[in-house]
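These are the residues of each chain, in order.
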Amino acid sequence: QVQLVESGGGLVQAGGSLRLSCAASGRTFSGYAMAWFRQAPGKEREFVARISGNGARTLYADSVKGRFTISRDNAKNTVYLQMNSLKPEDTAVYYCAASLTTTTSQYRYDYWGQGTQVTVST
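So, here is what we can say about the structure in this document. Since the model is a prediction, treat every value here as computed from it, not as a measurement. (Residues numbered from 1 in each chain as written. Predicted model: local features only at pLDDT ≥ 70, side-chain atom pairs only at ≥ 80, totals over all residues. Heavy atoms only, no water.)

Let's talk about the environment of Gly113
Link 1 in the chain: As for its placement among the helices and strands, Gly113 is situated in the loop between β10 (111–112) and β11 (116–121).
Link 2 in the chain: The class for Gly113 is buried, based on a relative accessible area of 12%.
Link 3 in the chain: Separated by 73 residues in sequence, Gly113 and Ala40 have C-alpha atoms that sit 16 Å apart.
Link 4 in the chain: Leave out the neighbours within four places in its chain, and Gly113 touches Leu4, Glu6, Tyr95 and Cys96. (Helix = DSSP H or I, 4+ residues; strand = E, 2+ residues; numbered from the N terminus. Buried < 20%, exposed > 50% of the residue type's maximum accessible area, 1.4 Å probe, protein only. Contact = heavy atoms within 4.5 Å.)

Have a look at this one:
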């Protein structure tokens, strides 16, 4: 069982930055691939970024490539999402998720956090 708690969301102006954190419980954190997804009002949840268990491999959605960086600290059981050059279209609830497989499909993620709101104003 893995429990995930996100933090770091908030209101920011376009062009600004935020760093999201996701703290995980459990002693096998490094065995899980971690990902960030987001869901904007009226839209389906979409993949943002993922990172392998040892942090060696990352993958980003085209919409955030070059602006967002996913990282993890296995000693702290925490995964991060550094978001720079934010745009109004980045406004969404951001969720972290854990999977035993390295995948971009939300249906392969077994554990989810409660989400944190990110709002980017013009």
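Moving on, there is more to tell.
What to know about the sheet that holds strand β3 (residues 18–24)
Link 1 in the chain: If you trace the four strands from one edge of the open sheet to the other, you get β1-β3-β8-β7, paired in antiparallel fashion. Sheet topology places β1 (4–7) and β7 (68–73) at the edges, where each strand pairs with a single neighbour. Averaged over all neighbouring strand pairs, the angle between strand axes comes to 15°, with direction disregarded.
Link 2 in the chain: Two strands pair when backbone bridges link them, and β7 and strand β8 (residues 78–83) are joined in this way by six bridges, in the antiparallel orientation. Bridge assignment links Arg72 to a residue of β8, and that residue is Val79. (Pairing = 2+ DSSP bridges. Axes fitted to C-alpha atoms, helices over the stretch in contact; angles between N-to-C directions.)

Notes on the pairing of β3
Link 1 in the chain: Counting buried residues along β3, five of its seven residues qualify, which places the element largely inside the surrounding structure.
Link 2 in the chain: Strand direction decides the pairing type here: β1 and β3, joined by four bridges, are antiparallel. Note that in β3 the partner of Glu6 across the bridge is Cys22.

Some details on the environment of Ala98
Link 1 in the chain: Mapped onto the secondary structure, Ala98 falls in strand β9 (residues 92–99).
Link 2 in the chain: Sequence separation between Ala98 and Tyr109 is eleven residues; the distance between their C-alpha atoms is 5.5 Å.

Considerations on the nonpolar core
Link 1 in the chain: The biggest cluster of nonpolar side chains holds 36 residues, and the ones touching the most others in it are Leu4, Met34, Trp36, Leu81, Met83 and Tyr94.
Link 2 in the chain: Among the elements of the structure, β3, β4 (33–39), β5 (46–51), β7, β8, β9 and β11 are those that each provide at least two residues to this core.
Link 3 in the chain: When residues no more than four places from it in sequence are discounted, the contact partners of Leu4 are Cys22, Ala23, Ala24, Met34, Cys96, Ala97, Ala98, Tyr111, Trp112, Gly113 and Gln114. (Core = buried A, V, L, I, M, F, W, Y, C linked by side-chain atoms within 4.5 Å.)

Some remarks on the state of the cysteines
Link 1 in the chain: What the rule picks out here adds up to one disulfide.
Link 2 in the chain: Disulfide partner of Cys22: Cys96, at an S-S distance of 1.9 Å. Across the S-S bond linking Cys22 and Cys96, the dihedral sits near 50°, which makes this disulfide right-handed. Residue Cys22 is found in strand β3, and its partner Cys96 is found in strand β9; the two are separated by 74 residues along the sequence.
Link 3 in the chain: Cys96 gets classed as buried once you look at its relative accessible area, which sits at 0%. (Disulfide = S-S within 2.5 Å.)

Remarks on unusual backbone geometry
Negative phi characterises most residues that are not glycine, and trans characterises most peptide bonds.
Link 1 in the chain: The backbone phi angle of Asn77 is positive, close to 55°, even though this residue is not glycine.
Link 2 in the chain: Within the secondary structure, Asn77 sits in the loop between β7 and β8.
Link 3 in the chain: At Ser85, a residue that is not glycine, the phi angle is positive and equals roughly 50°.
Link 4 in the chain: For Ser85, the location among the structural elements is in the loop between β8 and β9.

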